[in-house]
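Survey of secondary and tertiary structure
As a plain string of letters, each chain reads:
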Amino acid sequence: MKVLVAVKRVIDYNVKVRVKPDNTGVDLANVKMAMNPFCEIAVEEAVRLKEKGIASEIVAVTIGPKVSQEQLRTALALGADRAIQVETDDEVQSLDAAKMLKAVVDKEEPNLVIMGKQSIDTDNNQTGQMLAQLAGMPQGTFASEVEVEGEKVKVTREIDGGLLTVSLNLPAVVTTDLRLNEPRYASLPNIMKAKKKPLETVSPADLGVEAAPRLKTLKVEEPQPRQPGIKVESVEELVDKLKNEAKVI
Amino acid sequence: MSEDRGYFNETHEQARASAMRFVEREILPHIDDWEEAGEFPRELYSKAADAGLLGVGYPEALGGSGEGDLFLKVAVSEALMRSTSGGLVAGLGSHDIALPPIVKWGPKAMRERVVPEVLSGQAVAALAITEPGGGSDVANLKTRAVKEGDEYRISGSKTFITSGHRADYYTVAVRTGEPGHGGISMLLVERDRPGFTRGRMLKKTGWWASDTAELFFDDVRVPAENLIGQENGGFMVIMTNFLQERLMLCIMGAMTARLALEKAMAYSREREAFGRSISGFQVTRHKLVDMATQVELATQYTYHCAALMDAGKAPVKEVAMAKNYTASVAESVTREAVQIHGGMGYMREAGVERLARDARILAIGGGTTEVMKELIAKQLKL
Ligand SMILES: Cc1cc2nc3c(=O)[nH]c(=O)nc-3n(C[C@H](O)[C@H](O)[C@H](O)COP(=O)(O)OP(=O)(O)OC[C@H]3O[C@@H](n4cnc5c(N)ncnc54)[C@H](O)[C@@H]3O)c2cc1C
Ligand SMILES: Cc1cc2nc3c(=O)[nH]c(=O)nc-3n(C[C@H](O)[C@H](O)[C@H](O)COP(=O)(O)OP(=O)(O)OC[C@H]3O[C@@H](n4cnc5c(N)ncnc54)[C@H](O)[C@@H]3O)c2cc1C
């Protein structure tokens, strides 16, 4: 079975992001970039499926500028067999990303698509859902457990009230939550081998999709700095403050 | 983590990131305990091997990867130093001084038996040159090996040997011939040879997590096939081996200083005295600037040496200069970093305290500062 994994280049999760002085966005100059952590989990899950003998081929795909090949190389080092880059310097919003992924799905015909539930740059949490809709595939989002059983995949989902298990017909889209697995680090020999694995580059035009942003960013601002805490004398005072000052109860 | 991109390509950066993740996951949560315990668990060798970290720079056929790509080694070594423990890096990397003679000059059967076992983390290797009677004057080492039939019989002792207590394979410098540098050979000694014993683990100023021990050879017999290189040709092997060892010590020095600088910068922004952060005092700011300048120069000159080596040269003088410079930068920057931390800098929990202790060995191990100066003087034809 073929697994398609989508990966995205984002600011490294360790980096403290800074807002640009003109408030148009986040400063990306000289900032360490990395694979979105949820995408790492997606790659790891695909690699585990391959190790279990369930997946036979893993294809990693990314959409972004030429440098995002670094993240594809990482995916290859972690165990993907080949990679596809949809190269574009334009802003790609969720719906456009989903359309491009849909075109890749049409071409590759994977049995399973695994992707992060969201990327830590914009936190939209919608590309996987949009892809499932566009491709007419069932979806299992926020997965904390994935089990392929014949022509079906059983996905345990993390929802507000607890866990929900769904069974989907393949091909399907699964999006990963944090607890699905702990991604491995690429071993040095695999990093070297990844250099020789095939990496194909296509343009959005090749896929018949034109990026057309529908959302406009008006302004980006730093969140309010956290106010210093205070000590309360009694439970009564705490309840009073929560009720009348913080107005949360 | 800005250790310059000029010399490093995408693969190097990937390797660095991967090694960094190994450090964050497998080392940093435990390193304070391991330092206090005076050793790290043996299984760390196999974990590091699984991540491919032990085999960097060795031939693929022997279980390595990235042979001949020195900056891969530099990137990985820098990442490992982010464990904040020079002792751990020295212990985990003791094979990097023990194996190269075997890889380059050992007979095929020895190479294929020993190297893969060590690079896969199943066995630990150590290099034993220094003796109780002297380390600087390598040419006059005393441990004797007498050829008897198809065996060598070894008697003598070694000291200050990194991984000396736990190693399985020892690359040992012995005297097989006349006095002086023309009578030295290298022998492989396996742990379980009768008559070979190891003393207690020595207590040290720094490098706490590494095991440093004395070795005793009481008529230890090894087969003649355990000879590494030519009989009486060992001095050249030792001297060649020193170049990469010293480069690694330069990386350690530059990284020890860099870590201390980073900690001092962070602390000086947070810590307040007399109503402002201490980085608000010009003396502190200028001190940090001097530290940063030294770190940058130490790092860049080390890269320069690595680039020369990467291009196939043997920059003996340059590496000796770099070793002295990085060792002194490590000492002075860690001292100032402790100073900036005030009383906290003297506490183990601060981290800079360990860096300051670990820095001290760098002017001693791998050839002392004075011995480096003699070497440089000779190269300058003084
Ligand atoms: C933690 C640690 C780990 C070590 N690991 C290893 C290891 O794995 N394998 C190994 O073989 N060795 C190891 N060593 C030993 C190390 O290489 C030696 O300590 C070092 O080479 C110095 O030798 P020495 O201690 O005998 O000092 P000595 O040679 O006795 O030197 C004493 C002093 O005299 C000075 N001196 C000597 N000759 C001259 C000269 N010609 N001109 C001017 N001054 C001179 C020296 O610079 C030094 O200041 C380790 C040492 C330590 C502390
Ligand atoms: C082992 C030990 C024993 C001790 N015993 C005692 C004890 O018995 N009783 C006790 O009361 N204390 C004790 N101390 C505390 C000691 O006196 C303080 O650590 C010391 O006075 C420095 O204060 P600090 O640690 O708060 O550093 P800080 O005041 O935070 O200083 C941090 C750094 O900022 C610098 N700095 C501060 N102000 C300025 C300025 N205006 N201009 C330029 N630089 C500045 C300092 O020089 C230092 O480098 C002990 C400390 C240790 C480590």
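The rules behind the values
- Residues numbered from 1 in each chain as written.
- Chains lettered and ligands numbered in written order.
- Predicted model: local features only at pLDDT ≥ 70, side-chain atom pairs only at ≥ 80, totals over all residues.
- Helix = DSSP H or I, 4+ residues; strand = E, 2+ residues; numbered from the N terminus.
- Buried ≥ 20, exposed ≤ 12 C-beta atoms within 10 Å, placed from the backbone.
- Contact = placed C-beta atoms within 7 Å.
- Near = placed C-beta within 6 Å.
- Domains from an automatic or database assignment.
- Axes fitted to C-alpha atoms, helices over the stretch in contact; angles between N-to-C directions.
- Nonpolar A, V, L, I, M, F, W, Y, C, P; charged D, E, K, R; others polar.
- Expected span 1.5 Å × (residues − 1).
- Arc of directions from axis to C-beta.
- UniProt positions renumbered as here; feature names shortened; annotations may be inferred.
- Pairing = 2+ DSSP bridges.
- Parallel < 35°, antiparallel > 145°, perpendicular 65-115°, else oblique.
- Left-handed = near helix turned anticlockwise from the far one by under 90°.
- Core = buried A, V, L, I, M, F, W, Y, C linked by C-beta atoms within 7 Å.

Points about the overall build of chain B
For chain B, the count of helices and strands is 12 helices and 10 strands. Principal axes of the C-alpha set define a box for chain B whose edges measure 80 × 50 × 40 Å. Put simply, chain B has 382 residues, and 51% of those count as buried.

Some thoughts on the overall build of chain A
Across its full length, chain A holds 6 helices and 11 strands. Projected onto the principal axes, the alpha-carbon positions of chain A cover approximately 65 × 45 × 40 Å. Once local pairs closer than 6 in sequence are excluded, the contacts in chain A between residues at least 24 apart make up 69%.

Regarding the site of ligand 1
Residue and element names in this part refer to chain B. Near ligand 1 lie 22 residues; those nearest to it are Gly135, Ser136, Thr162, Thr368 and Glu370. Within the residue set of the shell around ligand 1, elements represented by two or more residues are β1 (125–128), β3 (151–162) and α12 (369–379). Shared between two domains, the shell around ligand 1 takes at least three residues from each, and those domains are domain 2 (125–233) and domain 3 (236–379).

Quick notes on the site of ligand 2
Close to ligand 2 lie 13 residues, the nearest being Ala273(B), Phe281(B), Gly342(B), Gly343(B) and Tyr346(B). Those elements giving two or more residues to the shell around ligand 2 turn out to be α9 (282–310) and α10 (316–340) of chain B.

Topic: the packing of helix α4 (residues 70–81) of chain B against α9(B)
Residues and elements named next belong to chain B. At a minimum axis distance of 9 Å, the contact between α4 and α9 shows a crossing angle of 145 degrees. Taken together, the residues of α9 that come into contact with α4 (itself represented by Leu70, Phe71 and Val74) are Ala306, Met309 and Asp310. Considering only residue class, the contact of α4 with α9 consists of 5 nonpolar, no polar and 1 charged.

Description of helix α6 (residues 95–105) of chain B
Residue and element names in this part refer to chain B. When you tally the buried positions in α6, you get 9 out of 11 residues, the bulk of the element. What α6 keeps buried is the set His95, Asp96, Ile97, Ala98, Leu99, Pro100, Pro101, Ile102 and Trp105. Where α6 is buried, its residues contact α7 (108–119), β1, β4 (169–175), β5 (184–190), β8 (227–228) and α8 (234–270).

Here's the deal with α7(B)
Since the α-helix turns once every 3.6 residues, residues separated by three or four places project in the same direction. Residues and elements named next belong to chain B. When the terminal C-alpha atoms of α7 are compared, their 16 Å separation across 12 residues agrees well with the 16 Å that a helix rising 1.5 Å per residue should span. All buried positions along α7 are accounted for by Val114, Val115, Val118 and Leu119. Taken down its axis, α7 places every buried residue within 115 degrees of arc, on the same side. One or two steps after α7, the chain reaches Gly121, where phi turns positive at roughly 80 degrees.

Things to note about the UniProt feature "domain: Electron transfer flavoprotein alpha/beta-subunit N-terminal" (unreviewed entry) in chain A
In the numbering used here, UniProt assigns the feature "domain: Electron transfer flavoprotein alpha/beta-subunit N-terminal" (unreviewed entry) to residues 23–211 of chain A. The span residues 23–211 of chain A is 30% helical and 31% strand by assignment, and the distance between its end C-alpha atoms comes to 24 Å.

Quick notes on the pairing of strand β10 (residues 172–176) of chain A
All names here are of chain A. Within β10, 5 of the 5 residues are buried, which leaves the element mostly enclosed by the surrounding structure. Relative to β10, strand β6 (residues 112–116) runs parallel, the two being bridged by 5 bridges. Within β10, the residue paired with Val113 across the bridge is Val173. In terms of strand pairing, strand β7 (residues 139–149) meets β10 through 3 bridges, oriented parallel. The residue bridging Ala143 from the neighbouring strand is Thr176, located in β10.

Here we look at the packing of α6(B) against α7(B)
Residue and element names in this part refer to chain B. For the pair α6 and α7, interaxial distance at closest approach is 10 Å and the crossing angle is 155 degrees. With respect to α7, the axis of α6 lies roughly antiparallel. Remark: the crossing between α6 and α7 carries left-handed chirality. Where α6 approaches α7, its residues His95, Leu99, Ile102 and Val103 are matched on the opposing element by Met110, Arg111, Val114, Val115 and Val118. Among the residues making up the contact of α6 with α7, the classes are represented as 7 nonpolar, 1 polar and 1 charged.

Looking at the interface of chain B and chain A
Facing the 16 residues of chain B at the interface are 13 residues of chain A. No other element matches the 7 residues that helix α1 (residues 10–27) of chain B contributes to the side of chain B that touches chain A.

With respect to the domain arrangement of chain B
When the parts of a complex come together, some accessible area is lost, and that lost area is often taken as the interface size. Residue and element names in this part refer to chain B. As far as domains go, chain B holds domain 1 (10–119), domain 2 (125–233) and domain 3 (236–379). Centre-to-centre, using C-alpha coordinates, domain 1 lies 23 Å away from domain 2. Listed by partner, the interface residues are 26 residues for domain 1 and 21 residues for domain 2. Secondary structure elements with two or more residues in the side of domain 1 that touches domain 2: α2 (31–37), α5 (86–92), α6 and α7. Broken down by element, the side of domain 1 that touches domain 2 gets its largest block of residues, 7 residues, from α6. Its residues assigned to classes, the side of domain 1 that touches domain 2 shows 15 nonpolar, 8 polar and 3 charged.

Here's the deal with the environment of Met248(B)
Residue and element names in this part refer to chain B. Structurally, Met248 can be placed in helix α8. Sequence spacing of Met248 and Leu355 is 107 residues, and the spatial spacing of their C-alpha atoms is 16 Å. Leaving out residues up to four positions away in the same chain, Met248 has contacts with Ser77 and Asp96.

Concerning the pairing of β7(A)
Pairing of β7(A) with strand β8 (residues 152–159) of chain A involves 6 bridges; the strand directions are antiparallel. Note on β8(A): the bridge partner recorded for Ala143(A) is Arg157(A).

A look at the nonpolar core
Soluble globular proteins tend to pack their nonpolar side chains together in the buried interior. Counting residues in hydrophobic clusters, the biggest one holds 179 residues, and the most contacted among them are Val5(A), Val43(A), Ala46(A), Ala60(A), Ala75(A), Ala80(A) and Leu187(B). Here the element with the most residues in this core is α8(B); it accounts for 17 residues. Sequence-distant contacts of Ala60(A), that is, excluding residues within four places in its chain, are made with Val5(A), Val7(A), Val43(A), Leu72(A), Ala75(A), Leu76(A), Ala80(A) and Ala83(A).

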